[in-house]
Amino acid sequence: MLRLARRLLLALAAGTALSAVPAEAQPSFPNRTLTVIVPFAAGGPTDTVTRLVAEAMGRDLGQTMVVENVGGAGGTLGAQRVANARPDGHTLLLHHIGMATTPTLYRRLAYDPVGGFEPVGLVTEVPMTLVARNNFPATTLAEAVAIIRRDQDKLNYANAGIGAASHLCGLLLMSAVNAPMTTVPFRGTGPAMQELLAGRIDLMCDQTTNTTEQILGHQLKVFAVTTQSRIGALPNVPTSAEGGLPAFEVSVWHGLYAPKATPPEIVNRLSQSLQVALRDPRLVARFRELGTEPVAQDRATPAAHRAFWTADIAKWRPIIQAAGQFAD
Ligand code: ASP
């Protein structure tokens with residue numbers, strides 16, 4: 001996996017369809033409760049973002065939007081549920097950058113990881129943070145790196161499965177410091193965070209939407225934010241470049257998906273509602289507190305989402321293939 005990580009590092013340093021439901025069969029949309037699947041456990045960053053979006057979209061759509069957590073296998077179990085759902089717009093998926101790496105990392109899946117979905121719109125791009133248990137014996141990134149290099153055989157690193165953001169970020173870190181650590185996979189970084197807070201996990205790289213409050217509450221050590229500039233929610237946390245690892249830079253985009261063959265008018269209605277949600281002052285304020293912000297309105301559209309997703313799949317494919325590393 002370190003070979004893959006090196007490729008990732010280089011790249012980042014440089015920068016079952018069901019049949020269509022006829023429109024006439026949908027007199028009004030939505031006509032019942034909607035379900036949005038989070039492909040990771042409850043309490044984690046994707047879950048947090050999804051609950052905020054679902055609440056605001058539900059208000060706009062006039063229907064409750066229930067969030068269901070289907071974690072496991074790096075997010076592929078939840079994605080599979082939505083790819084195989086009835087394409088009537090009532091079952092959706094909110095996933096992250098894993099939608100761009102899964103098509104190459106996983107060669108055997110029980111669903112089509114690209115053709116199985118209709119993109120609805122991008123949601124947010126979230127910075128990552130490198131965090132450690134509170135009694136980790138370092139306070140700066142340089143000190144942490146020295147300990148990781150020295151104690152690599154003894155340290156463990158949590159992630160949310162192969163292709164998860166925490167997995168990719170961990171690979172970047174291990175490659176940047178040239179030290180593999182034992183990785184412990186969870187169904188999401190929500191449960192991983194509980195283990196980190198309890199001191200049973202040493203290190204994790206996760207979205208600020210799961211780490212900001214714990215950092216501000218001094219429940220964790222934090223060594224870096226993986227963005228070019230410091231972020232407003234965590235002004236005292238240095239960037240990885242400031243800490244001496246300029247190539248350890250990554251942010252995690254999230255998007256909303258419907259199953260393949262969902263009628264375009266329904267996808268468009270969902271996209272309009274997503275745009276309303278992303279303007280919602282409560283959502284915007286909460287995103288800001290958690291170190292992120294909604295994408296610009298013109299990116300919360302099916303076309304912009306498809307273009308970005310397609311480009312990101314193309315960006316990751318050669319990196320993963322050249323490294324010859326696959327989830328199976
Ligand atoms: N942050 C997780 C990841 O590593 C996913 C989650 O639990 O939201 O991809």
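These notes cover the structure that comes with them. Keep in mind that this is a model prediction, so the values were computed, not measured.

Within the protein chain one finds eleven helices and nine strands. Looking at the 328 residues of the protein chain, the share that counts as buried comes to 58%. Once the 28 positive and 25 negative side-chain charges of the protein chain are each reduced to a mean point, those two points are 4 Å apart.

Here the focus is the pairing of strand β2 (residues 65-69). The pairing of strand β1 (residues 34-38) with β2 spans five bridges and is classified as parallel. Bridge assignment links V36 to a residue of β2, and that residue is V67. One crossover worth recording links β1 to the parallel β2 by way of helix α2 (residues 45-61), and it is right-handed.

Relative to each other, helix α7 (residues 189-197) and helix α8 (residues 208-216) sit at 25 degrees, their axes nearing to 11 Å. Overall, the two elements α7 and α8 adopt an arrangement that is roughly parallel. Taken as a pair, α7 and α8 cross one another with a handedness that is right-handed. Residues T189, G190, M193 and L197 of α7 form the contact with α8, whose participating residues are N210, T211 and Q214. By residue class, the composition of the contact of α7 with α8 is two nonpolar, five polar and no charged.

Another point: helix α9 (residues 264-279). Here α9 contains 16 residues, and its C-alpha end-to-end distance of 23 Å stays within 8% of the 22 Å for a straight helix at 1.5 Å per residue. Of all the positions in α9, only I266, V267, L270, S271, S273, L274, Q275, A277 and L278 are classed as buried.

On to the site of the ligand, then. Around the ligand, the neighbouring residues are F40, P45, T46, H96, A160, A164, A165, S166, G188, T189, D206 and Q207. The contact in question runs from an oxygen atom of the ligand to an N or O atom on the side chain of T46, over 2.6 Å. At 2.5 Å from an oxygen atom of the ligand is found a side-chain nitrogen or oxygen belonging to H96. Within the complex, the protein chains bury 100% of what would otherwise be the 270 Å² of accessible surface of the ligand. Sorting the residues of the shell around the ligand by element identifies α2, α6 (165-177) and β7 (203-207) as the ones contributing at least two each.

A separate point is the packing of aromatic side chains. Enumeration over the complete set of coordinates arrives at five aromatic pairs. Seen in terms of ring centroids, W253 and F308 are 5.2 Å apart; in terms of plane orientation they differ by 85 degrees. Their pairing is edge-to-face. One end of the pair, W253, is in strand β9 (residues 251-259); the other, F308, is in helix α11 (residues 302-323), with 55 residues separating them in the sequence. When its relative accessible area of 3% is taken as the criterion, W253 is described as buried. For F308, a relative accessible area of 26% translates into the label partly exposed. Taking 5.1 Å as the distance between ring centres and 70 degrees as the angle between the ring planes, the aromatic pair formed by Y257 and W309 counts as edge-to-face. Separated by 52 residues along the polypeptide, Y257 in strand β9 and W309 in helix α11 bring together distant segments of the chain. By the ring-pair criterion, three or more aromatic residues cluster together here, those being Y111, F117, Y257 and W309.

Right, let's get into the state of the cysteines. Joining two cysteines, a disulfide is a covalent bond between their sulfur atoms. Taken as a whole and judged by the stated rule, the model has one disulfide. Here C169 is linked by a disulfide to C205, with a sulfur-sulfur distance of 1.9 Å. The disulfide joining C169 to C205 has a torsion of about 40 degrees about its S-S bond and is therefore right-handed. Pair noted here: C169 is in helix α6 and C205 is in strand β7, with a separation of 36 residues, a long-range link. Looking at C169, the relative accessible area reads 1%, which means it is buried. Owing to a relative accessible area of 0%, C205 belongs among the buried residues under this scheme.

In this section: the nonpolar core. Counting residues in hydrophobic clusters, the biggest one holds 82 residues, and the most contacted among them are F117 and L203. Once you skip the residues sitting within four places of it in the chain, L203 turns out to touch L130, V131, A132, F136, I148, L155, N156, Y157, A158, M181, L196 and F223. Membership of the second largest hydrophobic core comes to 15 residues, among which are M193, M204, L220 and V237.

On to the environment of F287, then. Examined against the element boundaries, F287 turns out to sit in helix α10 (residues 281-289). Sequence separation of F287 and V49 is 238 residues, and the distance between their C-alpha atoms is 7.9 Å. Those residues in contact with F287 that sit more than four places away from it in its chain are V49, L52, V53, V123, T124, T292, E293 and P294.

About the criteria used
- Residues numbered from 1 in each chain as written.
- Predicted model: local features only at pLDDT ≥ 70, side-chain atom pairs only at ≥ 80, totals over all residues.
- Heavy atoms only, no water.
- Helix = DSSP H or I, 4+ residues; strand = E, 2+ residues; numbered from the N terminus.
- Buried < 20%, exposed > 50% of the residue type's maximum accessible area, 1.4 Å probe, protein only.
- Lys, Arg positive; Asp, Glu negative; His and termini not counted.
- Charge placed at Lys NZ, Arg CZ, Asp CG, Glu CD.
- Pairing = 2+ DSSP bridges.
- Right-handed = clockwise from strand over helix to strand, strands pointing away.
- Axes fitted to C-alpha atoms, helices over the stretch in contact; angles between N-to-C directions.
- Parallel < 35°, antiparallel > 145°, perpendicular 65-115°, else oblique.
- Left-handed = near helix turned anticlockwise from the far one by under 90°.
- Contact = heavy atoms within 4.5 Å.
- Nonpolar A, V, L, I, M, F, W, Y, C, P; charged D, E, K, R; others polar.
- Expected span 1.5 Å × (residues − 1).
- Near = heavy atom within 4 Å.
- Polar contact = N/O pair within 3.5 Å; in protein donor to acceptor, adjacent residues only side chain to side chain.
- Areas by Shrake-Rupley, 256 points an atom, 1.4 Å probe, with all protein chains shown as cover.
- Phe/Tyr/Trp six-rings, centres within 6.5 Å; stacked < 30°, edge-to-face > 60°.
- Disulfide = S-S within 2.5 Å.
- Core = buried A, V, L, I, M, F, W, Y, C linked by side-chain atoms within 4.5 Å.

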